[in-house]
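Chain by chain, the residues:
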Amino acid sequence: VIVVALACAAAAYLILKRYYAWGSLLLVGCITLLVAIFVGPEPLISGKDAKTATHNQFLDIVQSVTNLFKPRAGGLGMNIMAIAGFSTYMTKLGASKAMVDACAVPLKYIKAPYLVMTIAYALGIFFNVFIPSAAGLSLLMMVAVYPVVVAAGVSRQAAAATILVGTTFALSPGGANNLLASRLLNIHVTEFWAHTQLMIALVAVPVSLLVHYFVQKWFDKKDLESGRITQADFAAVTVEDTTKEHAPAFYALFPVIPVAMLIIFSPLVYKGIRMEFVTAMLTSTFIAFVIDFLCRRNLKESVANLKAYAEGMGKDFTSTVFLIVSAEVFAAGLMKSGGIATIIDYVSHLSAGAIVMYTAMFAIVWLLSFLVGSGNAAFFSFAPLIPKAAQAVGLEPAAMLSSFQLISGCGR
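Rules behind the numbers
- Residues numbered from 1 in each chain as written.
- Predicted model: local features only at pLDDT ≥ 70, side-chain atom pairs only at ≥ 80, totals over all residues.
- Heavy atoms only, no water.
- Helix = DSSP H or I, 4+ residues; strand = E, 2+ residues; numbered from the N terminus.
- Buried < 20%, exposed > 50% of the residue type's maximum accessible area, 1.4 Å probe, protein only.
- Contact = heavy atoms within 4.5 Å.
- Areas by Shrake-Rupley, 256 points an atom, 1.4 Å probe, with all protein chains shown as cover.
- Lys, Arg positive; Asp, Glu negative; His and termini not counted.
- Charge placed at Lys NZ, Arg CZ, Asp CG, Glu CD.
- Axes fitted to C-alpha atoms, helices over the stretch in contact; angles between N-to-C directions.
- Parallel < 35°, antiparallel > 145°, perpendicular 65-115°, else oblique.
- Left-handed = near helix turned anticlockwise from the far one by under 90°.
- Nonpolar A, V, L, I, M, F, W, Y, C, P; charged D, E, K, R; others polar.
- Expected span 1.5 Å × (residues − 1).
- Arc of directions from axis to C-beta.

1. Describing the overall build of the chain
Reasoning step 1: When helices and strands are counted, the chain shows 20 helices and 0 strands.
Reasoning step 2: Taking the principal axes of its C-alpha atoms as reference, the chain extends roughly 65 × 60 × 40 Å.
Reasoning step 3: In the chain, which comprises 412 residues, the proportion classed as buried is 48%.
Reasoning step 4: Put simply, 76% of the contacts in the chain that link residues at least 6 apart link residues at least 24 apart.
Reasoning step 5: Split by element, the accessible area of the chain, about 19,300 Å² in all, is 67% carbon and sulfur.
Reasoning step 6: Here the chain holds 27 positive side-chain charges and 20 negative ones, and the gap between their average locations is 2 Å.

Structure, rendered in structure tokens:
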């Protein structure tokens, strides 16, 4: 237990000191595995991975990292890179912008300022289903939605807050956290998304929209009266559109294709066709490519645009996939020390064990997300521990994973 506490404290200290977050998790994880050689209740490599052991305790530390890298790069990692490639390709074609632009138009005709702001928040949540990249979506909304919200009569601060919170829930079947959660639960990602995540979101989202409406309205009034902001902060603004591609309006449907395919060809709707996640991404890319070529009538240019898909995959490997492995090495160190098992066993015998376990892990995931600036980092670090911990105290693993996925987005 002391090893677990020291490892968590060390990771938090490095991150607070602005050390590279993913490298910090990997470093602390490897050091914890080294300590686990001497204090852990079992060998570093055991169970189904026992055959990969190097027969040298210290080399087994590196082998543990290897054992995590191999399945992540070709399994979950490939899924994540596929959606990143598709998202980048959609941005390159201008399809993502077309979607945001199309939905932003009706906002100009609503005369209630804070209602416009709240609808813009809801649109951000909706867009995030099809555009899983929080940073990419925020940039698109700054161009298309932010000026509309300010022009409606709210402050620039409230409008900016609206753009940011629109990506907190990450309610996309293609989101990295959802893919990991579904793998841990051994169910199809759309089942986890529809049966668990959306059930929680049906309560969380309306409450959040209502609170956002009143909180931003209160802040605008309070800050205007105190002089913290002035009438100049309510002046209409324009944000420079640096998007080179101005696509036809119907391109707005392109980002919907993979999500629609995943839902239709899943246990939720039709089981006759088996649709893997990567297959849905690649099929959607091919459909978009063919339509784009027919519109451009320029094969060389259409083929060149496919480069964006590869660039998106490569960028996400260096960030998200490497993060997954680093976070899981960190989690592996905590597990192999024996401290996590001891804590779970102790809490499971408490009368309020479920509440204690849930609250403690909830706070840890939120705090780590807040410190790192990444919902993925916190979720990937502790998600592998959640199913076992939940079962030990009588909680539902799927609901617990979904709650932590949502709070990691809020913390970010």
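2. Some points on the packing of helix H10 (residues 176-185) against helix H20 (residues 397-411)
Reasoning step 1: Between H10 and H20, whose axes approach to 10 Å, the crossing angle comes to 165°. Taken together, the axes of H10 and H20 lie roughly antiparallel to each other. In this structure, H10 meets H20 at a crossing whose hand is right-handed. Contacts from Asn177, Asn178, Ala181, Leu184 and Leu185 in H10 reach Pro397, Ala398, Leu401, Gln405 and Ser408 in H20.
Reasoning step 2: Considering only residue class, the contact of H10 with H20 consists of 6 nonpolar, 4 polar and no charged.

3. A look at helix H1 (residues 2-16)
Reasoning step 1: In this model H1 runs 21 Å from its N-terminal to its C-terminal C-alpha over 15 residues, within 8% of the 21 Å that 1.5 Å per residue would give.
Reasoning step 2: Taken residue by residue, H1 has Val4, Ala7, Ala11, Leu14 and Ile15 as its buried positions. One side of H1 carries all its buried residues, which in axial view fall inside an arc of 105°. Away from its buried face by more than 90 degrees, H1 exposes Ile2, Leu6 and Leu16.
Reasoning step 3: Arginine 18, located one to two residues past H1, shows a positive phi value of around 70°.

4. Concerning the side chain of serine 87
Reasoning step 1: Tracing the chain through its elements places serine 87 in helix H4 (residues 76-93).
Reasoning step 2: With residues up to four places along the chain from it excluded, the contact list for serine 87 reads Ser96 and Pro132.

5. Brief notes about the environment of proline 258
Reasoning step 1: Relative to the helices and strands, proline 258 is located in helix H12 (residues 256-264).
Reasoning step 2: What makes proline 258 buried here is its relative accessible area of 2%.
Reasoning step 3: Distance from proline 258 to phenylalanine 277, taken between C-alpha atoms, is 8.5 Å for residues 19 residues apart in sequence.
Reasoning step 4: Residues in contact with proline 258, not counting those within four places in the same chain, are Phe86, Ala280, Met281 and Ser284.

6. Some words on the packing of helix H11 (residues 189-226) against H20
Reasoning step 1: Packing of H11 against H20 leaves a shortest axis separation of 9 Å and a crossing angle of 60°. One element, H11, and the other, H20, form an angle in the oblique class. Between H11 and H20 the crossing geometry is right-handed. Residues Phe192, Thr196, Gln197 and Ile200 of H11 lie in contact with H20, whose contacting residues are Ala398, Ala399, Leu401, Ser402, Ser403, Gln405 and Leu406.
Reasoning step 2: Of the residues that constitute the contact of H11 with H20, the class distribution is 6 nonpolar, 5 polar and no charged.

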